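Chain by chain, the residues:
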Amino acid sequence: MKNLRLKAARAGMDMSQQQLADMVGVSRQTINAIEKGDYNPTIKLCTAICRALGRTLDELFWEEEA
Amino acid sequence: MNNSYLFGVALGILVAVAIFAVIAVANKKRGAEVKYDERQEFVRGKAYKLGFITLLIYCVAAGMIDLYLGVGWCDVYTAMMLGFYGSVTVFVVKCILTDAYFAVGQRPAGWLVLTGAVAAISLVVFAVDLNDGKRIVENGSLSHNTINLVCGAAFLIIFAAMLVKTLRDRAAER
């Protein structure tokens, strides 16, 4: 499932995938894979992304059951 | 296989090890540590598995042909190198196509040139050998003269995969 909240949060800070990747120490392709829903990140990477974007885990990664 | 050939192989391995050692020391001095992120480590694990399975299938198939059909299709050294290049190529191409071959922040340009050069040199050496009268098939089985061809083909495949991926990534970044 695509993570549109992550993409929106990143775009909201006018940040490119490469800039976010550099901040959290991963490759641009990994950020792209997370946004596209192709890769499920570990909690460690999730928290690093949340810190970089100034958001909480709930805001970016929590999925309500349908 | 004569002594000069074995000496050439040993020298080639030594030169390759020396080049990698120089690159590793230079990277360490520049502080350019080779680091893969968690997704890359995960994907590389899958690629290792694929390379390993490829090698297993090759070993079984090669052994079966030799054992049950009684056909000595190639000498032991050639068979070993075929398995080596086959499985390594599968691993590297899988890594390249899934963005897990180059470490975080590493640029593919230098590796593109290196793999292209190795492919070209191997294929040229193979062509020169053929021109000198060396044969691919000797006494009904593949001879070690095919190894340069296999090496060249493997590096050509890796080069092509790198080139396609690099061009695709550039287009996506635009």
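The structure we're discussing is the one just above.
Residues numbered from 1 in each chain as written. Chains lettered and ligands numbered in written order. Predicted model: local features only at pLDDT ≥ 70, side-chain atom pairs only at ≥ 80, totals over all residues.

Quick notes on the packing of helix H2 (residues 17-24) of chain A against helix H4 (residues 43-53) of chain A
Residue and element names in this part refer to chain A. To keep things clear, this is the line we draw: To define axes, lines are fitted to C-alpha atoms, for helices over the stretch in contact only, and angles between the resulting N-to-C directions are given on a 0 to 180 degree scale. Helix and strand definitions follow DSSP, with helices as H or I runs of at least four residues and strands as E runs of at least two, each counted in order from the N terminus. By definition, any crossing whose near helix is turned counterclockwise from its far helix by less than a right angle is left-handed, and any crossing with a clockwise turn is right-handed. Two residues form a contact once the distance between their C-beta atoms, set from the backbone, is within 7 Å. Gly is put with the polar residues, along with every residue not named as nonpolar or charged; the nonpolar set is Ala, Val, Leu, Ile, Met, Phe, Trp, Tyr, Cys and Pro, and the charged set is Asp, Glu, Lys and Arg.
Across the interface, H2 lies against H4 with an axial gap of 9 Å and an inter-helix angle of 115°. Crossing geometry of H2 relative to H4 is assigned as right-handed. For the pair H2 and H4, the contacting residues are Leu20, Met23 and Val24 in the first and Leu45, Ala48, Ile49 and Ala52 in the second. Across the contact of H2 with H4, the residue classes tally to seven nonpolar, no polar and no charged.

Regarding the environment of Phe91 of chain B
All names here are of chain B. Rules: Working definition of burial: number of other C-beta atoms within 10 Å of the residue's own, with buried at 20 or more, exposed at 12 or fewer, and partly exposed in between, all C-beta atoms being placed from the backbone.
Among the secondary structure elements, Phe91 is positioned in helix H3 (residues 76-97). Since 21 C-beta atoms lie within 10 Å of it, Phe91 is described here as buried. Once you skip the residues sitting within four places of it in the chain, Phe91 turns out to touch Ala47, Tyr48, Leu50 and Gly51.

Quick look at the environment of Asn145 of chain B
Residue and element names in this part refer to chain B. Mapping Asn145 onto the fold places it in the loop between strand E2 (141-142) and helix H5 (147-173). Separated by eleven residues in the primary sequence, Asn145 and Lys134 place their C-alpha atoms 7.0 Å from one another. If we skip the residues at most four places from it in the chain, Asn145 touches Asp129, Lys134, Arg135 and Ile136.

Examining helix H4 (residues 109-131) of chain B
Inclusion rule: Each residue after the first adds 1.5 Å to the expected span of a helix.
Here H4 of chain B spans 33 Å end to end across 23 residues, near enough to the 33 Å set by a 1.5 Å rise per residue. Regarding H4 of chain B, the residues found buried are Thr115, Ala119, Ser122 and Phe126 of chain B.

Digging into H3 of chain B
All names here are of chain B. With 22 residues, H3 extends 32 Å between its outermost C-alpha atoms, agreeing within 8% with the 32 Å of an ideal straight helix rising 1.5 Å per residue. Buried within H3 are the following residues: Ala79, Ser87, Thr89, Val90, Phe91, Val92, Val93, Lys94, Cys95 and Ile96. Within two residues after H3, Asp99 carries a phi angle of roughly 60°, on the positive side.

Comments concerning unusual backbone geometry
We note that Asp14 of chain A has phi near 55°; this positive angle belongs to a residue other than glycine. For Asp14 of chain A, a count of 7 C-beta atoms within 10 Å translates into the label exposed. Positive phi is not limited to glycine here, since Asp99 of chain B has a value of about 60°. Structurally, Asp99 of chain B can be placed in the loop between H3 and H4.

Details of the packing of helix H2 (residues 38-68) of chain B against H3 of chain B
Residue and element names in this part refer to chain B. Counted only if it meets this: Working definition: roughly parallel below 35 degrees, roughly antiparallel above 145 degrees, roughly perpendicular at 65 to 115 degrees, and oblique for all remaining angles.
In contact at an axis separation of 8 Å, H2 and H3 are set at 155° when each is read in the N-to-C sense. With respect to their mutual orientation, H2 and H3 come out roughly antiparallel. Seen along the crossing, H2 lies across H3 with a hand that is right-handed. Packed against H2, whose contacting residues are Val43, Arg44, Ala47, Tyr48, Leu50, Gly51, Thr54, Leu55, Tyr58, Cys59 and Ala62, the element H3 presents Ala79, Gly83, Gly86, Ser87, Val88, Val90, Phe91, Lys94 and Cys95 at the interface. For the contact of H2 with H3, the per-class residue count stands at 13 nonpolar, five polar and two charged.

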